[in-house]
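Structure assessment
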Amino acid sequence: AEYMGNNHILGNMNADFAKSLGSNLLAKGGAEKVDTVSALSSAKVVAFYFSAHWCPPCRAFTPKLAEIYNAINATEKQLEIVFFSCDESDSAFLGYFKDQPWLAIPFDAPQREEMSEKYGIQGIPALIVVNKDGTAATKDGRGHITSKGADCIRDWLALVK
């Protein structure tokens, strides 16, 4: 394990930043809760996905992102995505999240809006690849996925600090 100052580094994610996301994330389409720090520690790259079921471009992009997420992680866990719902109700969020293969911030968690503000989300879908300390490595993850597909992981592995 690496140590940098007082911040223990777990895989890609600084444990203090991971904890700021809340103690648990939702997994398996909302059917399970997982420990945030443990869930994010195995991935080399973490990205935050801001999306909503009511948004047609989101509904078009989400299946493509899921396909690429599964391809990137086919042989080893390289990418973890945390979904931040921009839906208007918990039921709309769960209806949309149930088919997504990654993790999610619970709908009622304050981090949903806090992180949207932190990263200056103006439009959705938005995919933010984050550094170990939670700063944005790139805010154009969606563009990278669209132009490079699963090959974008190589760029992200080089980019993330």
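Residues numbered from 1 in each chain as written. Predicted model: local features only at pLDDT ≥ 70, side-chain atom pairs only at ≥ 80, totals over all residues. Heavy atoms only, no water.

**Some remarks on the confidence of the model for the protein chain**
Should pLDDT be low for a region, the predicted coordinates there are not to be read in detail. We count it as follows: Confidence scores labelled pLDDT are given residue by residue by the predictor and lie between 0 and 100. The helix and strand labels rest on DSSP assignments: H or I over at least four residues marks a helix, E over at least two residues marks a strand, and numbering proceeds from the N terminus. Residue contacts are counted whenever heavy atoms from the two residues lie within 4.5 Å of one another.
In this model, the protein chain carries an average pLDDT of 89, and 92% of its residues clear a pLDDT of 70 or more. The least confident element of the protein chain is strand β1 (residues 3-4), whose mean pLDDT is 37; the most confident is helix α3 (residues 56-72), at 97. Scored below 50 in pLDDT, residues 1-10 shows 17 contacts in the model against residues more than four places distant or in partner chains.

**Focus on the environment of Ser116**
Within the secondary structure, Ser116 sits in helix α5 (residues 111-118). Not counting residues up to four positions away in its chain, the partners in contact with Ser116 are Phe50 and Ile121.

**Brief notes about the packing of α3 against helix α6 (residues 141-148)**
What counts here: Note on definitions: angles span 0 to 180 degrees between N-to-C directions of axes, and those axes are lines fitted to C-alpha atoms, for helices only across the stretch in contact. We call two directions roughly parallel when the angle between them is under 35 degrees, roughly antiparallel when it is over 145, roughly perpendicular when it lies between 65 and 115, and oblique otherwise. Two helices cross in a left-handed way if the nearer one is turned anticlockwise from the farther one by less than a right angle. They cross in a right-handed way if the turn is clockwise. Here the nonpolar group is Ala, Val, Leu, Ile, Met, Phe, Trp, Tyr, Cys and Pro; Asp, Glu, Lys and Arg are the charged ones; every other residue, Gly included, is treated as polar.
At a closest axis distance of 11 Å, the pairing of α3 and α6 adopts a crossing angle of 65 degrees. As summarised for this structure, α3 and α6 are arranged roughly perpendicular, according to the angle between their axes. Note on packing geometry: the crossing formed by α3 with α6 is left-handed. Where α3 abuts α6, its residues Pro57, Phe61, Lys64, Leu65 and Ile68 lie against Arg142, Ile145 and Thr146. Here the contact of α3 with α6 is composed, by residue class, of 5 nonpolar, 1 polar and 2 charged.

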